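Read off the chains here:
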Amino acid sequence: MTLTHTQLSDLLNEKADQYNRPSFIDRDPISIPHRFSQKQDIEIMGFWSAVLAWGQRPVILKKSTELVTLMDGAPYDFIRNHEESDLKRFLAFKHRTFNATDALYFLHFFRQYYQQNDSLEDAFLTVENSTVEPNLIAFHDRFCGLTDFFPERTRKHIATPARNSSCKRLLMFLRWMVRRDDRGVDFGLWTRLRPDQLVMPIDVHVNRVARKLGLLVRPQTDWKAALELTENLRQFDGMDPVRYDFALFGLGVEGEM
């Protein structure tokens, strides 16, 4: 599809406005953290729902809800105060390649982390005043760094630019936590990372629509592709390029393009 710069700008802004509203929430994984009001609950279930976000959305919502139930409806409280006997209930948990071993390590990491930190934002700010790239690398290394307990199989669930992954799920989580506007979808809980530092998450819908619109030409869908797409979207909004995630995803998932 060939559009002029003005036509493309108008389309992206129109669709971002159309889909960036509360009606978007119910069918999306972001609905899981929206069930909570406490910051740590939002962070924990936002992170976990994003990590599980592959496959059909109804299944993602079902499995994320199952995790909430396993944590007695109070993730932060459960992580801080559970007994070892409480972990047995996770042994049957599975979503695609994510299994009980992975779930138990996530609980272990969260417990250690929140014993020393108030917000998960600090884990994504190892390198201050920088882009998200070195911070995603540092987060991966930190998450996988509890060597006395870390199951190697869990590494595949935490992407890193160091392996040239597109890091779609982590970038989606960062969008949820960092972007802030008056639309009621993204949380804007974190203030030390800025929206202009974010990188576009590329799922199958965003990938297809971005290529049709000429916003992405790199053949591989990898970290370099995510940077390319983000840079091209900056020409339409340099302060908040990732808001066009709503436009590209919406156009794709609703079958408009």
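Scroll up to find the structure.
The structure presented is a predicted model; accordingly, all values stated were derived computationally and were not measured.

**Q** Hey, could you go over the overall build of the protein chain for me, with residue numbers and the actual values?
**A** If you tally the helices and strands in the protein chain, you get ten helices and zero strands. Scanning the protein chain from its N terminus toward the C terminus, one meets helices and strands in the order α-α-α-α-α-α-α-α-α-α. On C-alpha atoms alone, the protein chain measures out to a radius of gyration of 18 Å, which is about the 18 Å that the 2.2 N^0.38 rule sets for 257 residues. Overall, the protein chain is about 60 × 35 × 30 Å in size when its C-alpha atoms are taken along their principal axes. Classification of the 257 residues of the protein chain by burial places 55% in the buried group. Contacts spanning at least 24 positions in sequence make up 68% of the contacts within the protein chain whose residues lie at least 6 apart. Per element, the accessible surface of the protein chain, about 11,300 Å² overall, is 49% carbon and sulfur.

**Q** Now, about the layout of surface pockets: what can you tell me, with residues and values included?
**A** By volume, the largest pocket amounts to about 360 Å³. Around the largest pocket, the lining is made up of 22 residues, and of these A53, K168, D203, H205 and F249 lie nearest the centre. Looking at the lining of the largest pocket, the elements with two or more residues in it are helix 3 (57-70), helix 7 (168-178), helix 8 (204-212) and helix 10 (244-253). By residue number, the principal contributor to the lining of the largest pocket is helix 7, which donates five residues.

**Q** If you had to explain helix 2 (residues 39-51) to someone new, which residues and values would you point to?
**A** Helical geometry: 3.6 residues make up each α-helical turn, so side chains three or four residues apart lie on a common side. With 13 residues, helix 2 should reach 18 Å at 1.5 Å per residue; the first-to-last C-alpha distance of 18 Å fits that figure. Among the residues of helix 2, Q40, D41, I42, E43, I44, M45, G46, F47, W48, S49, A50 and V51 are the ones counted as buried. On the buried face of helix 2, the contacting elements are helix 3, helix 4 (75-81), helix 5 (100-116), helix 6 (132-143) and helix 7.

**Q** Go over the packing of helix 2 against helix 5 with me, naming the residues and quoting the values.
**A** Between helix 2 and helix 5, whose axes approach to 13 Å, the crossing angle comes to 150 degrees. As far as their axial angle goes, helix 5 and helix 2 are roughly antiparallel. When the axes of helix 2 and helix 5 are compared, the crossing they make is right-handed. Of the residues in helix 5, those touching helix 2 at Q40, E43, I44, F47, W48 and V51 are A103, F106, L107, F110 and Y114. Considering only residue class, the contact of helix 2 with helix 5 consists of nine nonpolar, one polar and one charged.

**Q** Tell me about the packing of aromatic side chains, and name the residues and values.
**A** Applying the stated rule across the entire model yields 31 aromatic pairs. Here F93 and F98 contribute two aromatic rings whose centre-to-centre distance is 6.2 Å and whose plane-to-plane angle is 85 degrees, an arrangement assigned as edge-to-face. Given the relative accessible area of 2%, F93 is considered buried. Here F124 and F173 contribute two aromatic rings whose centre-to-centre distance is 5.8 Å and whose plane-to-plane angle is 50 degrees, an arrangement assigned as tilted. Here F173 lies in helix 7 and F124 lies in the loop between helix 5 and helix 6, a separation of 49 residues in the sequence. Across the pair, F173 and F124 agree in class, each one buried. Geometry around F93 places K63 over its ring, the cationic atom sitting 5.1 Å from the centre.

Cut-offs and rules
- All residue numbers refer to positions counted from 1 along the written sequence of the respective chain.
- Predicted model: local features are reported for residues with pLDDT of at least 70 only, side-chain atom pairs are reported and counted for 80 or more only, and whole-chain, interface and lining totals are derived from all residues.
- As a rule here, side-chain values come from all non-hydrogen atoms in the structure, and water together with hydrogens is ignored.
- Here a strand is any run of E in DSSP of at least two residues, a helix any run of H or I of at least four, and the numbering for each starts at the N terminus.
- Only C-alpha atoms enter the radius of gyration; for comparison, a globular chain is expected to reach 2.2 Å times N to the power 0.38, where N is the number of residues.
- Buried residues are those whose accessible area, probed at 1.4 Å on protein chains only, stays under 20% of the maximum for their type, while exposed residues exceed 50% and partly exposed ones sit between those limits.
- Any two residues whose heavy atoms approach within 4.5 Å are treated as being in contact.
- Note on areas: Shrake-Rupley, 1.4 Å probe, and residue coverage restricted to the protein chains presented here.
- Space inside and on the surface of the protein is sampled on a 1 Å grid over the protein atoms alone, with a cavity defined as a set of points where a 1.4 Å probe fits but cannot get out and a pocket as an open set with protein on both sides within 12 Å along at least 5 of 7 lines; lining residues have an atom within 4 Å of a point.
- Grid points are joined across faces, edges and corners, and a volume is the space filled by probe spheres set on the points.
- Between the first and last residue of a helix there are one fewer steps than residues, each counted as 1.5 Å, and that sum is the expected span.
- Only the stretch in contact is used when fitting a helix axis, every axis being a line fitted to C-alpha atoms; angles between N-to-C directions are given from 0 to 180 degrees.
- Geometric relationships in this document are graded by angle, where less than 35 degrees denotes roughly parallel, more than 145 denotes roughly antiparallel, 65 to 115 denotes roughly perpendicular, and other angles denote oblique.
- Less than a right angle of anticlockwise turn of the near helix away from the far helix marks a crossing as left-handed, whereas a clockwise turn marks it as right-handed.
- Residues are grouped as follows: Ala, Val, Leu, Ile, Met, Phe, Trp, Tyr, Cys and Pro are nonpolar; Asp, Glu, Lys and Arg are charged; all remaining types, including Gly, are polar.
- When the centres of two rings from Phe, Tyr and Trp lie within 6.5 Å, Trp using its six-membered ring, the rings pair. Their planes under 30 degrees apart give stacked, over 60 give edge-to-face, and anything left gives tilted.
- Comment: the charge-over-ring label is applied if NZ (Lys) or CZ (Arg) is within 6 Å of the ring centre and within 35 degrees of the ring normal.

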